[in-house]
Structure formats: structure tokens, C-alpha cells
Amino acid sequence: MKKLLTILFSLLLLFPKQVLADSKSYTIQDLLINAEIQENGDILVEETFTYNFKGSFNGIYIDLNMNKIDDYEILEVTTEEKYNEITIPKSENNDNNTYETNLDNEKLQIKIYSKSADEIKKFRLKYKAIGAAKKYSDSSLLNWSFYTASSDNPVNNINLNITLKDYPFDLNILNYTVFGDGSFKTNTSEDLISISGNDLTSDIGVQLNFQKDFLNMQEINRTSTEAIEDDDFKLEYLVIPISILILVGVILFILKKIKDKKFNEELSKYRSLATYPEDKYLPYIPSNLSPALVAYMTNKKDLQWSLVPCTLLYLVKLGVYEVDTNVTTEKEFNNITFKRVSDIDDKYFSHLEVFINWFKKYENHYNEFSFQGIKNKIENNLKESEKFKNSFYDFINEVRLNGSSLNFYITIKGREVLNNETYIEYCQWQSYKNYILYDTNKENIDVRDLLIYSSALGLKNSQITDLISENNLDRGYDPFFSYYFAYNMIFFNDIRTSAESLIDQNNASNNDSYSSFSSGGGFSGGGGGGSGAF
């Protein structure tokens, strides 16, 4: 019994803790890892972390697990401030822009002291993992975890690039499995293995078999498959008895209930400081906020492609673009021209500037473009399709940066919620949504506003189609704005689908030959280690 209690106590120490004060939080937006395998089995690794800090922090830490590794050698630590790279020296004085290392039996921790407050900041670590790759009788093997994320501390976007020093991969031998929980894609060539993914909540591990003669070391007298199976066999002995797992699950459930109760109490206390609108229906838009920021306010984690034609129509309303509204046929709508007659220069709405710059790429000498022209340019063109898709993500990232700078959200008990001022506007937008969906008297609805904001408020295409076909809508902007959804919004979706399909086909042709995927929870190789802020 005493031994059981000891095990339970040890497990409880592993439970997630609320280490962040209510007034601050952070996210890891991006992690770029470049790994070069050396001839002696070492890996030269460069990791670039992009942290988004809300509140004040003293720095970050990076853990390198002492798991199936001879040693680590730290080569360089840098950070970026205002686009200037700063080299961070090692020190034991805890001074700003210095780092220290702490080694125990489990990990080597690199603690970087670099004060940050309400900003996006990059940190770069270069190190060498000694003896990570092994040479077996059938092939060389790198069975390695490059990073360990968690559901409490995920990585939004991750890119892992693996190369051999001064040598190409032998594609006749090359084969690898990617371990990770999230959405991943790979691109493989003789010069580079590129792995990209989103929403990493586990290890990002690789079991990589490559040509045996690359490694200049003593050969181990067994196959790489036997080595992996031996690691998996040892892992089975770590399985916790089912009775303990059930007990731990019950404890976690109780702790979650307690945590939820405290959060709801604090949220109610905070919400009581403001007065909220009581109108169930609002027959007009509560503000001229862009549809992208309305979507960010409503659900910042779910920003969809449908925001693009909505934002374009919003910019028509603002007078940035001019369109000929005297069109009545499908053919005319497919070739409708948007002419840019002004620009936007506002740091709080820079996502609109990014959007305009995106579509400038498709303009002619008269500052005009059409959806049909865009479709013609990217159709069956992989490079242009990738540019188109990447430009969308640039736009969405800028939306998130604008939303962050406007401080729509605050943190209460470790959870992000809308601040009271923004929550009041959120309630008004929900009342407007209720009006366009459920109120029987819609004579005051502006079709243009309905099309601009309906997708941002979460309406489905079928709901929008039904709404714009109702006889009692304001027809002051017909027929153009009624047909805009039926043709241009759906036509744009065809463009997006065409681009993504071409990219996916290219990725599939690369993935099928050399790579496979598995859950990050099943990885038994070496390495690993996460990071965080303090």
C-alpha cells in the first residue's frame, strides 16, 4: 500500500499545473527545426522558436532529454529584437540576455533570460546531439524525437527539415515514419526531407532509415528493425496497471471539475462589472469592424477561407475597390472586375493592407483583377497555387496579430475570454445574427452587410442562400449583391479547392514513396524535450 501511494504521489507531480498568472499567457506560434546528420552519427540541430507573449516574462527554457544520447553540445543561443539578432552568452548571473544550463539525470535545460512583454519574439538554439544516429547491418537509423509538445503547451505550426552533411539521400534505401499528433505533410527529395504540420500536442519523432555507408562508425551487429523492436519491447514494461490508471483518471476528473468551478466563479465576477445589451434582435450591424476581426472575436481558432470574398466585398463598401454592379448574368459575374482606387494604412487593421497586397499580385496595369483571371493563373500551376494558399495564411496570421494588438481577449484562471468591452460588442453581433436568422420582419436588412458578415458569424452557405432569396429583404443593392454570393463567393471556393487539390496531389506523390505516419504517443526513440516561458 505504501508503494502504491508513492507511485500515485509521483504521478500527481506530473499533472498539469497552472504556472501562468491570470494576467499573462504565451503561445508557441512557430517552431522551425533544421537538422543535419553528420558522418560520425552526431546531429547538428538549429531550433527557432516564435513565442507570442501576452504580459511580462523573464525568458524561456528549452529541455533536451538525456534519452538514448551520449551528450549534447550547446553551440549558440540568439534572439531577435526589432529584427536585429542578438547573441546571448552563457552566464551564471541571471542577467538579461544571458543563458545558463542545468543538467540532471533526465534532461539538459537551457534557461534563457530575455525579458519580453506583449510581443512576438524569436529564440534560436544551435546544438549538437552526440551519437544520435546508429549504423546497423541493414541500414543507418535515426530514431529520434526532435521536440515534445503537449495539449497544455502545443505548437501551432512546426517545420522539420533533415539533411545529410555534404551527401544526398539514397532514395533506393530511404524510408521513414513520422510520429506526431497533429496534421502533417512531407516533401522528400535526395537533398532534403521536409516535414510540416499544425497543432502539435505530442512528440515530433522520426524513425529514419538511410544508406549504411554514410556513417563512418562501427557497425552494430543487428538490423535496424530489431533495434526498434527492442526499444518497443522495453516500452511495454512502463505500462501502468489499469487500476492505477482508473484511479488517476478519477482524480483528474475531480481536479478538472474544481478548476472549472473556480474559472466560472471568476468569470461571473468579472462579467458582473459591466452592463450588457438585452435586445434579442438587432436589425443593423453594431459597428463597421472588418468581417475578419468579427470572426476573430467570435472564434479566433476557426478563421475560414470564406472570409476572403467577404473581406473583398467589405473593401468595396469602404471604397477601396470599385465594381460594376450593372451585371445580371452568370457569365458577367464570373468575369466581374474589381478596380483598386485607394489603399489602407492603419496599423490596427494591417490585415486589410496584407489582403490588398495579396490581390495586387493579380492586378493588370489598370489596377484591376477578376476571380476568373486568378483561376486562369493558378489552374494546373503548382507554384502559383502554393503562393495563393500561402498568401491566405499570411492574411489570417495578420488578422490574429491585429486581434491580439487590440486586446480582445484576457486570461482568467489560465483561459482566454473576451474582455468585457469586446464581449458587449460580441453580444450585439449575436443579436444581429439572431435578427437575420429568426426575425420574420427583415425589411431593414442590408443585403450587402448580410453577405459581408454572415460567414464571419458562422452561418452556413445553405442558410445564406435561403436568406438572400427572401422577398422581404432590402433590394437597394440588387441585383449585384444578391448574385454575389450565388456566383462569386462560390466561384472563389472553386479556385481555393483547385489550388489545394493540386498541392495535395503533389504532396501525396511525395509522401507515398518514402514516408508513413504514426501517433506521437507511440514513439520509443531517443531525444525529446519541450519548452516554456517563465
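Fair warning: this is a prediction, and the values are worked out from it, not measured in the lab. (Residues numbered from 1 in each chain as written. Predicted model: local features only at pLDDT ≥ 70, side-chain atom pairs only at ≥ 80, totals over all residues. Heavy atoms only, no water.)

A. Here's a closer look at the overall build of the protein chain. Check the secondary structure of the protein chain and you find 13 helices and 23 strands. Out of the 534 residues in the protein chain, the part that is buried amounts to 46%. Within the protein chain, counting contacts between residues at least 6 apart in sequence, those at least 24 apart form 76% of the total. By element, 47% of the accessible surface of the protein chain is carried by carbon and sulfur atoms, the whole surface being about 26,900 Å². (Helix = DSSP H or I, 4+ residues; strand = E, 2+ residues; numbered from the N terminus. Buried < 20%, exposed > 50% of the residue type's maximum accessible area, 1.4 Å probe, protein only. Contact = heavy atoms within 4.5 Å. Areas by Shrake-Rupley, 256 points an atom, 1.4 Å probe, with all protein chains shown as cover.)

B. Examining the environment of Ile33 more closely. Looking at the element boundaries, Ile33 is found in strand S1 (residues 25-37). Distance from Ile33 to Lys126, taken between C-alpha atoms, is 9.8 Å for residues 93 residues apart in sequence. Residues within four places of Ile33 in sequence aside, it is in contact with Val45, Glu46, Glu47, Phe146, Tyr147, Ile158, Asn159, Leu160 and Asn161.

C. Structural view of unusual backbone geometry. Of note in the backbone geometry, Asp118 takes a positive phi value of approximately 50 degrees without being a glycine. Looking at the element boundaries, Asp118 is found in the loop between strand S7 (107-117) and strand S8 (120-130). By relative accessible area, which is 60% here, Asp118 ends up exposed. Phi at Asn380 is positive, roughly 60 degrees, even though this residue is not glycine. As for its position among the elements, Asn380 is in the loop between helix H8 (371-378) and helix H9 (382-405). The exposed category is assigned to Asn380, whose relative accessible area is 71%.

D. The arrangement of the environment of Ser151 in detail. Structurally, Ser151 is set in the loop between strand S10 (140-148) and strand S11 (155-164). Taking the relative accessible area as the measure of exposure, Ser151 reaches 62% and is therefore exposed. In sequence terms Ser151 and Ser202 are 51 residues apart; their C-alpha atoms lie 7.6 Å from each other.

E. Representation of the pairing of strand S20 (residues 415-418) in the model. Here strand S19 (residues 409-412) runs beside S20; their pairing, made up of four bridges, is antiparallel. By the bridge assignment, Tyr409 is partnered in S20 with Leu418. If you look at the hairpin formed by S19 and S20, you'll find two residues sitting between the two strands, and Lys413 has a positive phi there, around 50 degrees. (Pairing = 2+ DSSP bridges.)

F. Highlighting a nonpolar patch on the surface. There is a patch of nonpolar side chains on the surface, built from Ile246, Val250, Leu252, Phe253, Ile254, Leu255 and Ile258 and spanning about 630 Å² of accessible area. Turning to its location among the elements, Leu255 is positioned in helix H3 (residues 242-271). Given the relative accessible area of 40%, Leu255 is considered partly exposed. (Patch = residues over 30% accessible without salt bridge, like charges linked within 9 Å, V, L, I, M, F, W, Y side chains within 5 Å. Salt bridge = Lys/Arg side-chain N within 4 Å of Asp/Glu carboxyl O.)

G. Spatial organisation of the nonpolar core. Judged by nonpolar contacts, the single largest core of 61 residues is most densely connected at Leu315, Tyr321, Trp358, Phe359, Phe369 and Phe388. Considering each element in turn, this core owes the most residues, seven residues, to helix H5 (residues 307-318). Setting aside residues no more than four positions away along its own chain, Phe369 makes contact with Leu312, Tyr321, Ile336, Thr337, Phe338, Phe359, Tyr362, Glu363 and Ile374. Counting residues in each nonpolar core, the second largest holds 55 residues, with Ile28, Leu64, Ile74 and Tyr147 among its members. (Core = buried A, V, L, I, M, F, W, Y, C linked by side-chain atoms within 4.5 Å.)

H. Examining the sheet that holds strand S17 (residues 338-340) more closely. In spatial order, the strands read S16-S17-S18; together these three strands make up an open sheet with antiparallel pairing. Edge positions in the sheet fall to strand S16 (321-322) and strand S18 (368-369), since each has one partner strand and no second. Summarising the sheet, S16 and S17 pair through two bridges and their orientation is antiparallel. Each bridged residue has a counterpart across the sheet, and for Tyr321 the counterpart in S17 is Arg340.

The values are spatial; any link to function lies outside them.
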